[in-house]
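Take a look at the letters that make up each chain.
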Amino acid sequence: MICPKRTSELLDLHLAPFKDKDPAWEVGVSKIAGRGLMATRSLKRGQIIFKDMPLLISLSAHEEDSLNTCSVCLTELPDTRFMCRMGCGLPVCSLCSKKKQHKNDCDLLKSWGPNEPEVANSVIIRLLCVARALNLNKDQRDLIYCLQANLDNNHRVEVRNAAKCFKNFPTDKKIFEIMNRTVAVLRTNGFDKTTDRTNDNQEFNYRALYPLFAVMNHDCIPNTYYTFEAKTNIMIVRAAVDIPEGFEITTTYTKLFTGNIARHLFLKMKKGFTCKCSRCSDPTEKGAYISGLYCRDTNCSGLVVPEITGLPHPNYNCLECKQKSTHAQMMKSQDFASGAINAKANSNSLRTLVQYLNEKSDNFIPSSNYVVIDAKLTVLQRLGQGREDCSEELAANTRLRYSRDVIQVMDQLGLGESLVRTQLQELLRREEELRAKRLAEDAEKQRKLAELQAKAAEADKLLAALEEAARAEEVAAAPAPAPAPAPAATETA
């Protein structure tokens, strides 16, 4: 393990522009793995712990991405004539083409001789983040070597494939070693336009290395969350919960609402380690049952959860009847539910998806399952853009219900502050205010209606009384009827 003291010295140099003379963190020996960041004092929920700036940053440039984005300022460019005219093979805007950063990039890539410099090539553009490591100073490069790097069999592939895009790619072993090491560090603790973390943190669309953040260890229930400043891409890390002095400061490398099996596979395949945090050690995931499915025994109403074995395909156990089911058996249920819900989500009718989640999905998959949670988050996202084919009442009720459902899951998992919680709480606040306003308006309408009805009843009573009085006067004014004539006497014989 690289000395924490040397790492701290290099981080201090990197973070010198922030002039933080009393940082809330220090690099220390971690109980989770190797080094980590420790709190030097008690931190309150929501408090800024540190700011970090990228040591390396550029476009992710995946094959499916649009490549008309400036490689310096990272702003989108017109669809035509966005490539550098000097032949380096990079997209750049007219303003940035004169900047020192692009001159350094341009001189480096031109010296390698791109095969088709006038054509945007995702392999070349993606390599830029790695190639920029060659222009770093000694301390900055040493900092890269201080960071964790999983040197598996795949970390050399990117540079090897990129070399085919140039006529004169360098053969110096030292250059290859620096670039391969940078790739390994980026793969281990860098950002790469991934949505793996976006349940809890701000989405980030670039390939970048934030050195201080890279020292943080993973926990499936992190005690921090982060955002980025739009213009500078400076990262701001805040406490998600109260963090006592001396406790480790952690982040998450995975989505919050994925189950144990999916998280284990991702961390093992992408990050090269097995997580043993409190959530990963609990089959029920703190009672949230993110991976829960219904028992296959039709006479049992219990939930089944995967065993904690560390294997990619564990068996499932029913919490009620204790019956075991194989991974393959339970995946049939999971896949059926996923397919049914995704089919509704991919339809053009949001109302159909909402009705399906409210009325039918619970018959074959628990509402706590990550597939249902993801579907509810999708509904909330779509409702944020418009009601689509939902009535105003259905949209309002859905926003309230689904926001509460997701927040309840977060509370069960023990998750603190985060972007998604803030967004859901703000959504709840607005909807509750609107509902309270509507209820007040309805109450006012009912009050006015009751007043009108009372006045109408009073008027009816008054009218009835007047009619009765009029009838009484008519009776009093009418002449007395003449007495009836006496009957005539009859003669008797």
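Residues numbered from 1 in each chain as written. Predicted model: local features only at pLDDT ≥ 70, side-chain atom pairs only at ≥ 80, totals over all residues. Heavy atoms only, no water.

Trainee: How should I be thinking about the pattern of salt bridges in this particular structure?
Mentor: Oppositely charged side chains may form a pair once their charged atoms are brought near each other. Taken as a whole and assessed by the stated rule, the structure comprises 25 salt bridges. A salt bridge links glutamate 417 to arginine 45; the shortest N-O distance between them is 3.0 Å. Placement of glutamate 417 in the loop between helix H12 (392-413) and helix H13 (419-477) and of arginine 45 in the loop between strand E2 (35-39) and strand E3 (48-52) is noted, with a sequence separation of 372 residues between them. Classification of arginine 45 as partly exposed rests on a relative accessible area of 41%. The partner of glutamate 433 in a salt bridge is arginine 429, and the shortest N-O contact between them spans 2.7 Å. Residue glutamate 433 and its partner arginine 429 are both found in helix H13; the two are separated by four residues, about one turn of the helix. (Salt bridge = Lys/Arg side-chain N within 4 Å of Asp/Glu carboxyl O. Helix = DSSP H or I, 4+ residues; strand = E, 2+ residues; numbered from the N terminus. Buried < 20%, exposed > 50% of the residue type's maximum accessible area, 1.4 Å probe, protein only.)

Trainee: Teacher, can you tell me more about helix H10 (residues 350-359) here?
Mentor: Note on helix geometry: an α-helix contains 3.6 residues per turn, so any two residues three or four positions apart are oriented the same way. Burial in H10 covers these residues: Leu350, Leu353, Val354, Tyr356 and Leu357. Buried residues of H10, viewed axially, fall in a sector of 160 degrees; they line one side. Against helix H9 (327-345), helix H11 (370-385) and H12 lie the buried residues of H10. (Arc of directions from axis to C-beta. Contact = heavy atoms within 4.5 Å.)

Trainee: Can you help me understand the pairing of strand E9 (residues 235-239) in this one?
Mentor: Of all five residues that make up E9, four are buried, and the element is covered over most of its length. Bridging between E3 and E9 involves four bridges; their strand directions are antiparallel. Counterpart to isoleucine 48 in the pairing with E9 is arginine 238. The loop that links strand E8 (residues 224-228) with its antiparallel partner E9 comprises six residues; one of these, asparagine 233, has a positive phi angle of about 60 degrees. (Pairing = 2+ DSSP bridges.)

Trainee: Just checking my understanding: could you explain the side chain of histidine 14 for this structure?
Mentor: Mapping histidine 14 onto the fold places it in helix H1 (residues 4-14). There is a polar contact of 2.8 Å between the side chain of histidine 14 and the backbone oxygen of methionine 53. If we skip the residues at most four places from it in the chain, histidine 14 touches Asp52, Met53, Pro54, Leu55, Leu143 and Pro211. (Polar contact = N/O pair within 3.5 Å; in protein donor to acceptor, adjacent residues only side chain to side chain.)

Trainee: Explain the side chain of threonine 69 to me, please; I cannot follow it from the model alone.
Mentor: The residue threonine 69 is located in the loop between strand E4 (56-59) and helix H2 (100-112) in this model. Overall, the relative accessible area of 15% leaves threonine 69 in the buried class. Those residues in contact with threonine 69 that sit more than four places away from it in its chain are Leu59, Leu74, Thr75, Glu76, Leu77 and Pro91.

Trainee: Please clarify how the packing of helix H4 (residues 138-146) against helix H6 (residues 173-189) should be interpreted in this entry.
Mentor: When two helices pack together, you describe them by how their axes are tilted relative to each other and by the distance separating the axes. For the pair H4 and H6, the least separation of the axes is 9 Å and the interaxial angle reads 55 degrees. Classed by the angle they form, the pair H4 and H6 counts as oblique. Where H4 crosses over H6, the handedness of that crossing is left-handed. Residues Arg141, Ile144 and Tyr145 of H4 form the contact with H6, whose participating residues are Glu177, Ile178, Arg181, Thr182 and Val185. (Axes fitted to C-alpha atoms, helices over the stretch in contact; angles between N-to-C directions. Parallel < 35°, antiparallel > 145°, perpendicular 65-115°, else oblique. Left-handed = near helix turned anticlockwise from the far one by under 90°.)

Trainee: What am I meant to see in the domain arrangement of the protein here?
Mentor: Many analyses report the size of an interface as the accessible area lost when the parts associate. Taken domain by domain, the protein comprises domain 1 (4-53 + 210-249), domain 2 (56-189) and domain 3 (258-464). Each of domain 2 and domain 3 was reduced to a C-alpha centroid, and the two centroids are 42 Å apart. (Domains from an automatic or database assignment.)

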